[in-house]
Amino acid sequence: MLRTAAIAAAGAAVAACLYALTRRPRLAFDLPGTMSAIVARDAACTVVTVPTPQPAAGEVLIQVRATAINRLDVMQRRGKSPVPKGVTEVLGLEAAGIVVATSSAAFEVGDEVLALVPGGSYAEYVAVDATTVMRKPRSMSWAEAASVPEAWLTAAL
């Protein structure tokens, strides 16, 4: 009986390891050269192909799992608020996802995070200053975490 339980426990541990290994995000060395993103064209959201961003010094690259819609996104889509100079035309100000590349000592590849971004979260990947990134609480879904940086913190403060 004890031997059967030990074998079952070992099998469960192997299964858990295999699941964890197959669920890991892609690492920086095998990121695609391009990605899908959403930009505003003629007051509508349009899916385009753009280069995958690369993190600069002090930035992390997040594989986006969820994003949120807020007033500025709607205003930019309608052409009522221009994208600031130096900011990507890709919409989106907040994201939740997994760190896939980093030049910051504060985060490691594989960390689950949420972030406030100047633009670009309506995409598969977004590069963002590490000082605007927070660890995602395990109790939050991806969608809940994505709504925290802009929408929830604005309402809470």
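Residues numbered from 1 in each chain as written. Predicted model: local features only at pLDDT ≥ 70, side-chain atom pairs only at ≥ 80, totals over all residues. Heavy atoms only, no water.

### Regarding the sheet that holds strand S5 (residues 112-116)
Part 1 of the argument: In spatial order, the strands read S6-S3-S4-S5-S7; together these five strands make up an open sheet with antiparallel pairing. Single-partner strands in this sheet number two, and they are strand S6 (125-129) and strand S7 (133-135). Ignoring which end each strand starts from, the neighbouring axes of this sheet average 45° apart.
Part 2 of the argument: Note: S5 against S7, three bridges, orientation antiparallel. Looking across to S7, one finds that Val-113 is bridged to Arg-135.
Part 3 of the argument: Strands in contact with helix H4 (residues 148-156) are strand S4 (94-102), S5 and S7; relative to S5, the strand with the most contacts, it is inclined by about 65°. (Pairing = 2+ DSSP bridges. Helix = DSSP H or I, 4+ residues; strand = E, 2+ residues; numbered from the N terminus. Axes fitted to C-alpha atoms, helices over the stretch in contact; angles between N-to-C directions. Contact = heavy atoms within 4.5 Å.)

### Looking at the packing of aromatic side chains
Part 1 of the argument: Within this structure, the stated rule accounts for zero aromatic pairs.
Part 2 of the argument: One Lys or Arg, Lys-136, reaches over the ring of Trp-142 and ends 4.8 Å from the middle of that ring. (Phe/Tyr/Trp six-rings, centres within 6.5 Å; stacked < 30°, edge-to-face > 60°. Lys NZ or Arg CZ within 6 Å of the ring centre and 35° of its normal.)

That is the geometry; function is a separate question.
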